[in-house]
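# Observations on the three-dimensional arrangement
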Amino acid sequence: MNLILLGPPGAGKGTQAKKMVEKLGIPQISTGDILRAAVKEGTAMGIEAKKYMDAGKLVPDEVVIGIIRDRIKEADCAKGFILDGFPRTVAQAEALDEMLKGMGQDIDHVISIEVPDSALLERLTGRRMCSCGASYHIMFNKPKQEGICDLCGGKLYHRDDDKEEAITERLVNYHRQTAPLIDFYTKKGKVRPIPGTGSVDDIFAAIMDAVEG
Ligand code: AMP
């Protein structure tokens, strides 16, 4: 099953993707995670991408399209994948369609997680991440020990782009560049709208209903 998780920054795509991986046995492909790993390693791609990421802007289409082109050909994607944070522009969606067509495949469902902007700022400024992929919130989802990951004991950090100026830019860019994808995939009959403001488990149940129902 080939799935796309669509939604504004802070909608809970990463959290839901991790639960879906467990349940569906297909990998999560997060372009944000892949780019952050490249930044950390200091690769040429990472150094270039960092400029955009820190400013809350999208990395150029050709960079992320190249990442996905290589990644979906890997063996663990044979039964499908969960795209988290890709596509983010109509050009990326069109490139993805072409790639999948060339492989005799298609997207099955686009899970559109809907959260109002008013809730996103609070979610993102309070978000704390672990390099293992776990995410916490200083008010709503505290780790057992402050600043330490419950799962791996790693030190939690505040993403540079989860600071207020970058968030505002990311939300503006989301509405301008990414939200048009809802229309793009609605025309193809692929969109499954999911309210993203309930509990993590309720949202997960709604996603499972949409993809298995
Ligand atoms: P995320 O972890 O999905 O919020 O992504 C963090 C940042 O990585 C974004 O704000 C962008 O700068 C960059 N990024 C991730 N995915 C994409 C994408 N599909 N297209 C362009 N930039 C991306």
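Our subject is the structure listed above.
In this report, the structure presented in the accompanying data block is examined. Note that the structure is a prediction, hence the values are computed from the model and not measured.

## Focus: the overall build of the chain
When its secondary structure is counted, the chain shows 9 helices and 7 strands. Relative to the 2.2 N^0.38 estimate, which gives 17 Å for 213 residues, the radius of gyration of the chain is 16 Å and therefore close to what a compact globule would have. Among the 213 residues that make up the chain, the fraction classed as buried is 44%. Contacts spanning at least 24 positions in sequence make up 71% of the contacts within the chain whose residues lie at least 6 apart. Here the chain displays about 10,900 Å² of accessible surface, and carbon together with sulfur accounts for 53% of that area. Computing the positive centroid from 29 side-chain charges and the negative centroid from 32, the chain places the two 2 Å apart.

## Describing the layout of surface pockets
Where empty space is left becomes clear once a probe the size of a water molecule has been rolled over the atoms. What the second largest pocket holds in volume is close to 510 Å³. Lining the second largest pocket are 19 residues, with R36, A37, V39, K40 and Y157 positioned closest to its centre. Put simply, the parts of the chain that give the lining of the second largest pocket at least two residues each are α2 (31-41) and α3 (44-54). Among the elements that take part in the lining of the second largest pocket, α2 stands out by supplying 6 residues, more than any other.

## Topic: the sheet that holds strand β1 (residues 2-6)
With parallel pairing, the 5 strands of this open sheet are ordered in space as β2-β3-β1-β4-β7. Looking at strand neighbours, the two that pair on one side only are β2 (28-30) and β7 (191-195), the edges of this open sheet. Pairwise comparison of adjacent strand axes, ignoring direction, gives a mean angle of 20° for this sheet.

## Observations concerning the site of the ligand
Contacts to the ligand come from 16 residues, most closely from T31, R36, K57, G85 and Q92. Taking Q92, its side chain carries an N or O atom lying 2.9 Å from a nitrogen atom of the ligand. Contact between the ligand and R159: an oxygen atom at 3.1 Å from a side-chain N or O atom of the residue. Bound to the protein, the ligand loses 96% of the 480 Å² it would expose on its own. Of the residues forming the shell around the ligand, the biggest block, 4 residues, is contributed by α2. When its residues are assigned to classes, the shell around the ligand shows 6 nonpolar, 4 polar and 6 charged.

## Side note on the packing of aromatic side chains
Taken as a whole and assessed by the stated rule, the structure comprises 1 aromatic pair. Centroid distance F184 to Y185: 5.0 Å. Interplanar angle 85°. Geometry classified as edge-to-face. Judged on exposure class, the residue F184 and its partner Y185 are both buried. The residue whose ring lies beneath K19 is F204, and the NZ or CZ to ring-centre distance is 5.1 Å.

## What about the environment of K142?
Turning to its location among the elements, K142 is positioned in the loop between β6 (135-137) and α7 (164-178). Exposure remark for K142: the relative accessible area of 56% places this residue in the exposed category. Taking the C-alpha atoms as reference, K142 lies 28 Å from G25; in sequence the two are 117 residues apart. Dropping the residues within four chain positions of it, K142 is found in contact with Y136 and H137.

Rules and cut-offs
- Residues numbered from 1 in each chain as written.
- Predicted model: local features only at pLDDT ≥ 70, side-chain atom pairs only at ≥ 80, totals over all residues.
- Heavy atoms only, no water.
- Helix = DSSP H or I, 4+ residues; strand = E, 2+ residues; numbered from the N terminus.
- Rg over C-alpha atoms; globule rule 2.2 N^0.38 Å.
- Buried < 20%, exposed > 50% of the residue type's maximum accessible area, 1.4 Å probe, protein only.
- Contact = heavy atoms within 4.5 Å.
- Areas by Shrake-Rupley, 256 points an atom, 1.4 Å probe, with all protein chains shown as cover.
- Lys, Arg positive; Asp, Glu negative; His and termini not counted.
- Charge placed at Lys NZ, Arg CZ, Asp CG, Glu CD.
- 1 Å grid on protein atoms, 1.4 Å probe; cavity = no way out; pocket = protein on both sides within 12 Å on 5 of 7 lines; lining within 4 Å.
- Points joined across faces, edges and corners; volume = space filled by probe spheres on them.
- Pairing = 2+ DSSP bridges.
- Axes fitted to C-alpha atoms, helices over the stretch in contact; angles between N-to-C directions.
- Near = heavy atom within 4 Å.
- Polar contact = N/O pair within 3.5 Å; in protein donor to acceptor, adjacent residues only side chain to side chain.
- Nonpolar A, V, L, I, M, F, W, Y, C, P; charged D, E, K, R; others polar.
- Phe/Tyr/Trp six-rings, centres within 6.5 Å; stacked < 30°, edge-to-face > 60°.
- Lys NZ or Arg CZ within 6 Å of the ring centre and 35° of its normal.

The values reported here are purely geometric and, on their own, carry no functional implication.
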